[in-house]
Amino acid sequence: MTQQFDVVVIGGGPGGYIAAIRAAQLGSSVACVDAWTDANNKPSLGGTCLNVGCIPSKAMLESSENYERALHHFAEHGVRIGQVSLDLKQMLARKDKIVDQLTGGVAYLFKKNKVASFHGQGSLAGHTDAGFKVVIKQTGGETILHGRHIIIATGSVVRPLPAAPVDNHLILDNVGALAMTEVPKRLGIIGAGVIGLEMGSVWKRLGSEVTILEALPAFLPPVDDQLSKEAFRILTKDKGLAIHLGAKVTKVERKAKALKVHYTDAKGQQILEVDRLMVAVGRAPNTEGLNLGSVGVNVEAHGFIEVDDHCRTATPGIWAVGDVVRGPMLAHKAEEEGVAVAEQIAGQQSHVDFSTIPWVIYTAPEIAWVGQTEQQLKAQGIEYRSGSYPFAANGRAKSLGETRGFVKILACKRTDRILGVHILGPFASELITEAVVALEFRASSEDIARIVHAHPALSEAFHEAALAVDGRALNM
Ligand code: FAD
Ligand code: NAD
């Protein structure tokens, strides 16, 4: 049997499911094909983000931070709670429940918006008079769909490291690292990027000795240098993560219950013995089995589907969004591309501005930024003024007991327009949105300095940093 739709979306992650909903809102008949199955072999919408990415990792970050607070920080507030113990089974069950609620929520939204949902592996099979043909492989058969437009949103997969093949028993990727039922005594992580730092923080708080091996000699190169230096100091000295930079893994030996990780660094050959090893060296676009050639769609050298600034492939009517195309691998970027494509299909003029996409790393303290770093401005020869304000001087941060870090604003020396905002501190993930709005509205630091901010609030640090650009911070 074949069914015809205006739009067929392949992939039900944040890029795909949001594109499907927006296209349906705009009056198209829409189908979404998604292959994800959960640990119980049940279809589960929401892709990497909801199933094994953003959401479960943030649930575990919150739970592990609560555990750490109960262990070490409640007493300082005058809260005595006796012996604290870890119930990892409950922590994982809570995480799974949140995932179930949100993935079920996507299924509900599909029903509400009349998006036809198909479970199975989709592949393209050329073009007919009825539109582009999509074949869905399902248990016990296949279904054929035709779409006038196709939106490919098949996401990304873990980048493999040949020296450390993932088995999700001893050597883990994000799926395994989010589901360990025991706290490993020694956890090794390859890659000090976003995932390595977030998952390293979780398991360190729960009691593991965590060692992270990073190939590059620099820590978090995309982050503003001043922030990455301070973050490195806090994460290693205060939070106890052992992070080795310039460490190149050459071989991993499997013992009965442990692993010997061989690597080289500036001092020569090294060996790290761990009980579990996580691989977090980046993610690669996922185009496997899509049969892109049948519709004339190309991939670039790194495997990303080739698209222009508007997510159009070389074949009119075929679009691609999210992790499977160039740009940051972030859920909010995927979602906004999904919206922009659905709107373009409906004849609107939509696009996504990469220069104002916020980044967040959910360590404690959190790291968040938008716009340009100081090193980028210097490299381009752009003259700027900088204003910083420490959370240690902010009343709300003090009452939270979270005084590490600072807000830093970079503004054009000539026009005062804000060019970049960098935050290391509590709830940086929330605070950064004010900076995104400022950049989108082309605000100057003076604009922010003249806006009334609630007191006492963490956002006052943003206000003071704006005042500091002009050398007139009031509480410093
Ligand atoms: P995905 O979410 O990967 O979804 C793709 C979907 O397509 C999947 O369901 C897949 O099964 C399906 N699919 C693939 N091929 C086919 C096919 N042929 N037929 C049918 N279905 C198919 N980003 C953030 O912004 N914030 C975070 O805090 C964050 N945390 C993360 C934590 C971890 C541990 C990881 C791994 C990632 C995290 N990310 C985060 C990144 C974020 O998850 C991705 O950027 C986002 O999921 C990309 O969305 P997408 O729709 O492009 O792809
Ligand atoms: P990443 O690119 O952030 O970090 C990978 C790190 O591994 C880099 O520092 C890289 O230099 C290092 N590396 C690469 N090869 C190595 C090797 N052989 N040995 C040692 N180190 C090596 O990638 P990730 O942490 O895997 O995350 C993947 C993507 O998921 C990111 O692009 C990110 O956008 C997204 N993500 C976002 C969030 C968030 O927004 N909070 C959280 C998790 C993941």
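Keep in mind that this is a model prediction, so the values were computed, not measured.

Caption draft 1: Main features of the packing of aromatic side chains. Tallied over the full model, the rule gives three aromatic pairs. Relative to phenylalanine 118, the ring of phenylalanine 5 lies with its centre 6.2 Å away and its plane at 80 degrees, an arrangement referred to as edge-to-face. In this pair, phenylalanine 5 sits in strand β1 (residues 2-10) while phenylalanine 118 sits in strand β3 (residues 115-119), placing the two residues 113 residues apart along the sequence. This pair shows no difference in class: phenylalanine 5 is buried, exactly as phenylalanine 118 is. Aromatic pair tryptophan 359 and tryptophan 369: ring centres 5.6 Å apart, planes at 5 degrees, arrangement stacked. A residue pair is termed long-range when its members are at least 10 positions apart, and tryptophan 359 in strand β18 (residues 359-361) and tryptophan 369 in strand β19 (residues 366-371) qualify at 10 residues. By relative accessible area, tryptophan 359 is classed as partly exposed at 26%. Accessibility expressed as a relative area gives 7% for tryptophan 369, which makes it buried.

Caption draft 2: How the structure looks around the pattern of salt bridges. For the structure on display, the rule yields 22 salt bridges. For arginine 254, the salt bridge identified is with aspartate 167, shortest N-O distance 2.7 Å. One end of the pair, arginine 254, is in strand β12 (residues 248-254); the other, aspartate 167, is in the loop between β7 (156-158) and β8 (171-172), with 87 residues separating them in the sequence. Residue classification places arginine 254 among the partly exposed residues on the basis of a relative accessible area of 41%. Between glutamate 209 and lysine 185 there is a salt bridge, with the nearest N and O atoms lying 4.0 Å from each other. Placement of glutamate 209 in strand β10 (residues 209-213) and of lysine 185 in the loop between α5 (174-177) and β9 (186-190) is noted, with a sequence separation of 24 residues between them. Accessibility expressed as a relative area gives 46% for glutamate 209, which makes it partly exposed. On the basis of relative accessible area, lysine 185 is assigned to the exposed category, the value being 58%.

Caption draft 3: Geometry of the environment of valine 7. Of note, valine 7 is situated in strand β1. C-alpha of valine 7 to C-alpha of tryptophan 359: the two residues are 352 residues apart in sequence and 31 Å apart in space.

Caption draft 4: Looking closely at the site of ligand 1. The environment of ligand 1 is formed by 39 residues, the closest being Asp34, Thr48, Lys58, Gly122 and Asp323. Between ligand 1 and aspartate 34, the relevant distance is 2.7 Å, taken from an oxygen atom to a side-chain nitrogen or oxygen of the residue. Within the backbone of glycine 122, one N or O atom sits 2.8 Å away from a nitrogen atom of ligand 1. Protein contact buries 93% of the 1000 Å² of open area that ligand 1 shows by itself. Contributions of two or more residues to the shell around ligand 1 are made by α1 (14-25), β2 (30-34), α2 (47-52), α3 (54-72), β4 (121-128) and α8 (331-345). The leading source of residues in the shell around ligand 1 is α2, at four residues. Grouping the amino acids of the shell around ligand 1 by side-chain chemistry returns 16 nonpolar, 19 polar and four charged.

Caption draft 5: Spatial organisation of empty space enclosed by the protein. In the structure shown here, the tally under the stated rule is four cavities of 30 Å³ or more. Estimates place the volume of the largest cavity at around 70 Å³. In this structure, the largest cavity is lined by Glu68, Ser201, Lys204, Arg205, Leu235, Lys239, Leu241 and Ala364. Ranked by the residues each element gives to the lining of the largest cavity, the list is headed by helix α6 (residues 194-205), at three residues. Its residues assigned to classes, the lining of the largest cavity comprises three nonpolar, one polar and four charged.

Caption draft 6: Quick peek at the nonpolar core. Grouped together as the largest cluster of nonpolar side chains are 36 residues, with contacts concentrated most on Met60, Trp203, Leu206, Ile212, Phe219 and Ile367. Breaking this core down by element, the ones donating at least two residues are α3, α4 (88-112), β9, α6, β10, α7 (225-238) and β19. The contact partners of phenylalanine 219, leaving out residues within four places of it in the chain, are Ala192, Leu197, Ser228, Ala231, Phe232, Leu235, Ile243 and Leu245.

Caption draft 7: Here's a closer look at the domain arrangement of the protein. Each assigned domain of the protein is listed with its residue range as follows: domain 1 (2-158 + 284-352), domain 2 (171-281) and domain 3 (356-469). One C-alpha centre belongs to domain 1, the other to domain 3; they are set 31 Å apart. With 10 residues of domain 1 in contact, the opposing surface of domain 3 contributes eight residues. Regarding the contact of domain 1 and domain 3, the summed buried area is about 690 Å², with carbon and sulfur atoms giving 71% of it. Applying the counting criterion to the domain 1 and domain 3 interface returns zero salt bridges.

Caption draft 8: Quick look at the environment of isoleucine 18. Looking at where isoleucine 18 falls in the secondary structure, it is placed in helix α1. Considering only alpha carbons, one finds isoleucine 18 and glutamate 337, 319 residues apart in sequence, at a separation of 9.0 Å. Filtering out sequence-adjacent residues up to four positions away, isoleucine 18 remains in contact with Gly13, Glu335 and Val339.

Basis of the calculations
- Residues numbered from 1 in each chain as written.
- Chains lettered and ligands numbered in written order.
- Predicted model: local features only at pLDDT ≥ 70, side-chain atom pairs only at ≥ 80, totals over all residues.
- Heavy atoms only, no water.
- Phe/Tyr/Trp six-rings, centres within 6.5 Å; stacked < 30°, edge-to-face > 60°.
- Helix = DSSP H or I, 4+ residues; strand = E, 2+ residues; numbered from the N terminus.
- Buried < 20%, exposed > 50% of the residue type's maximum accessible area, 1.4 Å probe, protein only.
- Salt bridge = Lys/Arg side-chain N within 4 Å of Asp/Glu carboxyl O.
- Near = heavy atom within 4 Å.
- Polar contact = N/O pair within 3.5 Å; in protein donor to acceptor, adjacent residues only side chain to side chain.
- Areas by Shrake-Rupley, 256 points an atom, 1.4 Å probe, with all protein chains shown as cover.
- Nonpolar A, V, L, I, M, F, W, Y, C, P; charged D, E, K, R; others polar.
- 1 Å grid on protein atoms, 1.4 Å probe; cavity = no way out; pocket = protein on both sides within 12 Å on 5 of 7 lines; lining within 4 Å.
- Points joined across faces, edges and corners; volume = space filled by probe spheres on them.
- Core = buried A, V, L, I, M, F, W, Y, C linked by side-chain atoms within 4.5 Å.
- Contact = heavy atoms within 4.5 Å.
- Domains from an automatic or database assignment.
- Buried area = accessible area lost by both parts, 1.4 Å probe.

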